[in-house]
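# A structural walkthrough
For reference, the chains in residue letters:
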Amino acid sequence: MSTERGRIRVSGFETERIADHDAAEPTGDDAEEAEDDPEVQNRWVRVIHQLKRDRLALTGMAVVVVMLFVAVFSRPIVVGDVTVQPLSLTPYDPAQTGVGDRYDSPSLTHPMGTDRLGRDTFSRVVAGSRYSVTIGFVVTALAASFGVIYGGVSGYFGGTTDGVMMRLVDVIFAFPALVLAMILVSLFGGGFIPLVGAFALVGWASYARIIRGEILKVKQNEYVMAAKALGARDKSVLFRHIIPNAIAPVVVQATLSIGTVVIGVAALGFLGLGFDPGTPEWGTMLDAERDTLITGAGGTWFWWTTVFPGMMIFLFVMSINMVGDAVNDALDVQVDDVRGGGG
Amino acid sequence: MSTGPDRSGDPLLRTEGLQKYYETSSGFIESFLNRADQVKAVDGVDLEVYPGETLGVVGESGCGKTTLGRSMLRLIEPTGGSVTYHKRNEETGENETIEITDLSGSELRDLRTDVQYIFQDPFSSLNPRLTVGDIVGEPLDIHGILEGEERERRIYELLETVGLNPSHANRYPHEFSGGQRQRIGIARALAVDPELIVCDEPVSALDVSVQAQILNLLEDLQEEFDLAYVFIAHDLSVVEHISDRIAVMYLGELAEVGTTEEIFAEPYHPYTEALLSAIPEPDPLWEGNQIFLRGEVPSPMNPPSGCRFHTRCPRVIPPTDLDVDQPAFRGVMDLRLRLSGLEAADGLVTTADTDTDAGGVEDVTAMDVESAEALVRNTFDIPEWIGDGEADDAVSDAVRLLVDGEVDAANDRLEAVFESPCETRHPSSNHIRNTHEIACLRYDADAPGDRPAVGDAK
C-alpha cells in the first residue's frame, strides 16, 4: 500500500496516433451512411416525404393546386393597360346577365345552370375562386408574417417589452374574431382590400402568441448565446437563429387557418357584408340566391344556384384542412389553437 | 506544462471584484414587498489572464464557474466590479486598455473579434438549421471580415485546422458526432482570430477518449495562434493537463490561485486539498487519505458568514484560547450547524446519523442527560474528552439544554466557547508567493490561530 500517486501510468494515448485516427474519422463510412439514413434527413425533406405517403393530404393538395390554377387562369388579368394573363377558362363572362334563361337547370351549355339574372353559374363559381382562395392565402400570409415578427420581438426581448406587447394581443383576443372582422368591414366598407385588412388584423394575434411561446423555448439554446458571443446583432440572432427553429407550429397553424379565413369571408358575404352583391364570390353568391333555398311556387326548386357555390366552399376548406392535418402530423408539433371558429 | 508564458507584462484580461447577483424573483408583489432574494453566483472575483497562457477554473457544480466565464465577456451582464481588456494595437504596438463593463453595444460587438467563447454542450451550441460552413462563416459575415470566395477558402482552412474534412462544409450539425461538433464550435471561435477564448467545460459532454483529442487540439491551437484560454472545468485532471495557472472557486469566490505546480503542491487551501484528494488513482494498491467533505454546498442565496468554506472545512480554525484537536472541533462545528437550522430538539439526531435504529433513541428530549450526551458525541464525532475543560463543560451544558428542548440556548452556549475566527472574518487573498494566492485565514498573518509554515514549503 502506498499513498504516493502515479505509480501506475496508462500509456498508448499519444497525441500523434489520436490525431491520425481522428482525421480519418469524418471521411469514414459513418458519415456517408448518415445521408441515406432517414432519421437524419433535413426536417423539411422528411416532411415532404411523409406528405407524399399521405393519400388524403395528396388529394387535398391536388384540389388546392387545381383551385389556385383556376384562380389565376379563370379570367384575363390586366394590370394597367397590359394584359398579363390572357387566358380565360370561363365559358361566359361571369358578370354578363342573360347568357341563358333565368334559372336554367344544369345542361351541357350551362353545366351548373344559370341564376336569377340568367348568369352562367359555372363561370361564376370558377371566377369566384379568385376571390375566396386568394383572400385565404393573402390574409394568412399577411397575418402570419406580421404575427411572427411581432411575437418574435416580444418573446426575444422579453421583460416589459413582452408584457406590453402581449397585452395588445390579449385585447385582440378579447373580441370574437368574426365579430371584430365584421365591425371593421362595416366601418371601412366592403371590397377585396378592406376584407383582407380586416381578417389580417384579427388573425395575426394567434400567430404572435404561438411563436412567442416557441421562442421562449428556443432562445434557451446555447447557439443563441453563441451567436451573441460572435457579436451578432439582435436582428440577425432573431431572424437567423431563433425564428427558423421556432416556425414549425406557425406553419401548421397557417395551413389550417386558410380554410377558416375562407369560411369567414363566405360568412360575411352571406350576411351581405364584404363584396358588392353582384360579385361572384362564393359567400356573396349564396346570399344573392338565398331565397331559392326553399321551394318556390309550384314546386320549383332551383337547387343549383346555391349548391354549387356551397360545394366549392366545402371542397376548398376540406382540402386545405386535410393538408393542414397532414403537415401537423409530419411536423409532429402541438398546436395551441387558442382561437375558436371564425377569422 | 513546462516554462509557461510570460507573465511579466500587462495581463490580457483582468477582473476586479467581479460580481453577478441574480434576483430570485422578478414577481411584482415580491419586489414590491422587497422580499426578493439575491443569488450571489459570482461574488467579488479578481483574476488575471496573461497573453498566451491557460488559466484553469475549477470548482464544484454550481460554484459559479460558468457565470464567471460569461460575465467576464459580458455575455451576461455583471452586476458589479470591472473587467479590463488590454488590446494590442497592431500598428503602434502600444497597449490600449478597454473597460469591458463600460462598452456600448457596438463596441462590445467589436470586442468579440478578440475574445471568444466555446460552449459546454456541443449539441445545443450549434444551430441545427445552418450548415457547418455557415456556422463557421457566421463570424466572418458579422464582422465583415471576408466575402465570397475568400470566405469559402477561410472556412475550409478553419475546418482543416480543427481536424475536420473541409468537404463537409455543406453538411448539417446533426450529421456529426459530439467530438466533431465540438471541433466545429472551436473553428467558429477561431474564425475571428481571437486573443482569448473562454472554454466553458468544452470536454465535459464528451466521452473520455474524445476528451483527450479535443484537449490536444486546444493545446496545438494555442501554440499555433498564441491564444490565451480561460479553461473552465470541474475535472482537476483535465485542468492539470492543460493549464498554466489554476483558479479554484468555491461558492462564487476564489479559494486559491496559482500555477499548476503550486496548486498541486503544498501549501494548500483546505478546499483544494479536498478536491485534489478526490482525483481517482488507477493504482489498486494506492491508499491515499481521501478527504470527504461533510454536508452539501451551502446555498449561494444565503452564503455562510466569514469564510464561505467554514461550514465544511476540515481544517477550520479553533478559537485561540481553546486547546482542542481538529476532528473534535469539526464535530462541534457540525453540531452547531445542525442546531442553527433546527426548530425543535427532537429532530437533532436522525436515523440517518446513527447505525443503531432502536426506536426512540433519536429523540434527545426523551432521554436522560448522560445517554443524550453519549449519543450527541457519538453522532457528531466528538470524543469523550475534548482536551479542554471549558470546552467539555460547554458541550455538556449544551446537551443538558437540548434535553430541556432549548435549542437556541444550547446553540448560544456552544457559540460562546467555540466561535471560530473563520465564521467572523472574511479571508482576503494572501500571497504565498508572487503567483500563488490562497484565500484562507490559516495563511493570514493578521489572523489568530496556528498557521502552517509558509514560504519555503514544498
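Remember, predicted model here, so these are calculated numbers, not experimental data.

The number of helices and strands found in chain A is 13 helices and two strands. Expressed as a percentage of its 343 residues, the buried residues of chain A come to 44%. Sequence separation of at least 24 residues holds for 66% of the intrachain contacts in chain A that already meet a minimum separation of 6. Entry remark: accessible area of chain A is about 17,300 Å², with carbon and sulfur atoms responsible for 62%.

The subject of this paragraph is helix α2 (residues 65–72) of chain B. Residue and element names in this part refer to chain B. Within α2, seven of the eight residues are buried, which leaves it mostly tucked inside the rest of the structure. If you check which residues of α2 are buried, you get Lys65, Thr67, Leu68, Gly69, Arg70, Ser71 and Met72. Of the residues flanking the end of α2, it is Arg74, one or two places downstream, whose phi is positive at about 55°.

Turning our attention to a nonpolar patch on the surface. Residue and element names in this part refer to chain A. On the surface, a cluster of nonpolar side chains totalling about 350 Å² of accessible area is made up of Val138, Leu142, Phe192 and Ile193. For Leu142, the position within the fold is in helix α5 (residues 121–157). Since its relative accessible area comes to 45%, Leu142 is described here as partly exposed.

All names here are of chain B. The N-to-C vectors of helix α4 (residues 132–142) and helix α6 (residues 178–190) enclose an angle of 30°; their axes lie 7 Å apart at closest approach. Put simply, α4 runs roughly parallel to α6. The two elements α4 and α6 cross, and the hand of that crossing is right-handed. Contacts between α4 and α6 involve Val132, Ile135, Val136 and Pro139 from the former and Ile184, Ala187 and Arg188 from the latter. When grouped by side-chain class, the residues that make up the contact of α4 with α6 number six nonpolar, no polar and one charged.

This next bit is on the interface of chain A and chain B. Counting from both sides, the interface comprises 39 residues of chain A and, opposite them, 51 residues of chain B. Of the roughly 3,900 Å² buried where chain A meets chain B, counting both sides, 51% is carbon and sulfur surface. Per-residue buried area on chain A facing chain B is highest for Arg5(A), Glu222(A) and Leu230(A); these three make up 20% of the total on that side. Viewed at the interface, chain B and chain A are joined by two salt bridges.

As a further point, take helix α13 (residues 389–403) of chain B. Residues and elements named next belong to chain B. Across its 15 residues, α13 extends 21 Å between first and last C-alpha, which sits within 8% of the 21 Å expected from 1.5 Å per residue. Within the span of α13, buried status applies to Ala391, Asp392, Ala394, Val395, Ser396, Ala398, Val399, Leu402 and Val403. Considering only its buried residues, α13 is in contact with α11 (326–340), α12 (369–379) and α14 (407–418). Two residues or fewer past α13, Gly405 is found with a positive phi of approximately 85°.

In this section: the sheet that holds strand β7 (residues 196–200) of chain B. Residue and element names in this part refer to chain B. On the basis of which strands lie adjacent, the open sheet formed by eight strands has the order β6-β7-β8-β3-β9-β10-β12-β11 and mixed pairing. If you trace the sheet from one side to the other, it starts and ends with β6 (115–118) and β11 (430–431), each paired once. Of the strands in this sheet, β3 (54–58), β6 and β8 (228–233) touch helix α7 (residues 208–225), which is tilted by about 160° from β8.

All names here are of chain A. With the rule as written, the count across this model stands at 15 aromatic pairs over all chains. Geometrically, the ring pair formed by Phe69 and Phe73 is tilted, given 4.7 Å between the ring centres and 45° between the ring planes. Remark: Phe73 and Phe69 occur in helix α4 (residues 55–73); sequence separation between them is four residues, near one turn of the helix. Judged by centre distance (4.9 Å) and plane angle (75°), the ring pair of Tyr156 and Phe157 falls under edge-to-face.

A few words on the side chain of Arg245(B). All names here are of chain B. With respect to the element layout, Arg245 can be found in strand β9 (residues 245–250). By relative accessible area, which is 5% here, Arg245 ends up buried. When residues no more than four places from it in sequence are discounted, the contact partners of Arg245 are Arg7, Glu48, Val49, Tyr50, Glu53, Thr54, Leu55, Gly56, Val257, Gly258, Thr259 and Thr260.

Looking now at unusual backbone geometry. Residue and element names in this part refer to chain B. Although it is not a glycine, Glu201 adopts a positive phi angle of roughly 40°. Assignment of secondary structure puts Glu201 in the loop between β7 and α7. Since its relative accessible area comes to 6%, Glu201 is described here as buried. Residues other than glycine seldom take positive phi values, yet Asp226 does so here, at roughly 55°. One can find Asp226 in the loop between α7 and β8. Residue Asp226 is classed as partly exposed on the basis of its relative accessible area of 43%.

A separate point is the packing of helix α11 (residues 248–270) of chain A against helix α13 (residues 304–331) of chain A. All names here are of chain A. At a minimum axis separation of 8 Å, α11 and α13 run at an interaxial angle of 170°. Taken together, the axes of α11 and α13 lie roughly antiparallel to each other. The residues of α13 that touch α11, namely those facing Ala248, Val251, Val252, Thr255, Leu256, Ile258, Gly259, Val262, Ile263 and Ala266, are Ile313, Phe316, Val317, Ile320, Asn321, Val323, Gly324, Asp325, Val327, Asn328 and Leu331. Its residues assigned to classes, the contact of α11 with α13 shows 15 nonpolar, five polar and one charged.

Turning our eyes to something else, we now look at the confidence of the model for chain A. Caution applies to low-pLDDT regions: their predicted coordinates should not be interpreted in detail. All names here are of chain A. Here chain A averages 80 in pLDDT, and 85% of its residues register 70 or above. Below a pLDDT of 50 lies the segment residues 20–40, which in the model reaches 24 contacts outside its immediate sequence neighbourhood of four places, other chains included. Overall, residues 333–343 carries pLDDT values under 50, and its contacts beyond four positions in sequence, including any with other chains, amount to 25 contacts.

Turning to the UniProt feature "transmembrane region" (unreviewed entry) in chain A, a few remarks are in order. Residues and elements named next belong to chain A. Sites flagged by UniProt as "transmembrane region" (unreviewed entry) map to residues 56–78, 131–153, 165–185, 191–210, 250–275 and 301–320. Note that residues 56–78 is 78% helix and 9% strand, and that its end C-alpha atoms are spaced 36 Å apart. What you have in residues 131–153 is 100% helix and 0% strand, and the ends, taken at the C-alpha atoms, are 33 Å apart.

This brings us to the pattern of salt bridges. All chains considered together, the criterion is met by 30 salt bridges over all chains. Here Asp115(A) ties to Arg119(A) by a salt bridge, and the two come within 3.1 Å at their closest N and O atoms. By relative accessible area, which is 4% here, Asp115(A) ends up buried. Arg119(A) gets classed as buried once you look at its relative accessible area, which sits at 9%. Here Asp334(B) makes a salt bridge to Arg330(B), at a shortest N to O gap of 3.1 Å. On the criterion of helical spacing, the pair formed by Asp334(B) and Arg330(B) is a turn pair, its members being four residues apart in helix α11. By relative accessible area, Asp334(B) is classed as buried at 10%. One salt-bridge network, in which partners are shared between bridges, spans Asp134(B), Asp141(B), Arg151(B) and Glu152(B).

Conventions adopted
- Residues numbered from 1 in each chain as written.
- Chains lettered and ligands numbered in written order.
- Predicted model: local features only at pLDDT ≥ 70, side-chain atom pairs only at ≥ 80, totals over all residues.
- Heavy atoms only, no water.
- Helix = DSSP H or I, 4+ residues; strand = E, 2+ residues; numbered from the N terminus.
- Buried < 20%, exposed > 50% of the residue type's maximum accessible area, 1.4 Å probe, protein only.
- Contact = heavy atoms within 4.5 Å.
- Areas by Shrake-Rupley, 256 points an atom, 1.4 Å probe, with all protein chains shown as cover.
- Patch = residues over 30% accessible without salt bridge, like charges linked within 9 Å, V, L, I, M, F, W, Y side chains within 5 Å.
- Salt bridge = Lys/Arg side-chain N within 4 Å of Asp/Glu carboxyl O.
- Axes fitted to C-alpha atoms, helices over the stretch in contact; angles between N-to-C directions.
- Parallel < 35°, antiparallel > 145°, perpendicular 65-115°, else oblique.
- Left-handed = near helix turned anticlockwise from the far one by under 90°.
- Nonpolar A, V, L, I, M, F, W, Y, C, P; charged D, E, K, R; others polar.
- Buried area = accessible area lost by both parts, 1.4 Å probe.
- Expected span 1.5 Å × (residues − 1).
- Pairing = 2+ DSSP bridges.
- Phe/Tyr/Trp six-rings, centres within 6.5 Å; stacked < 30°, edge-to-face > 60°.
- pLDDT = per-residue confidence, 0-100.
- UniProt positions renumbered as here; feature names shortened; annotations may be inferred.

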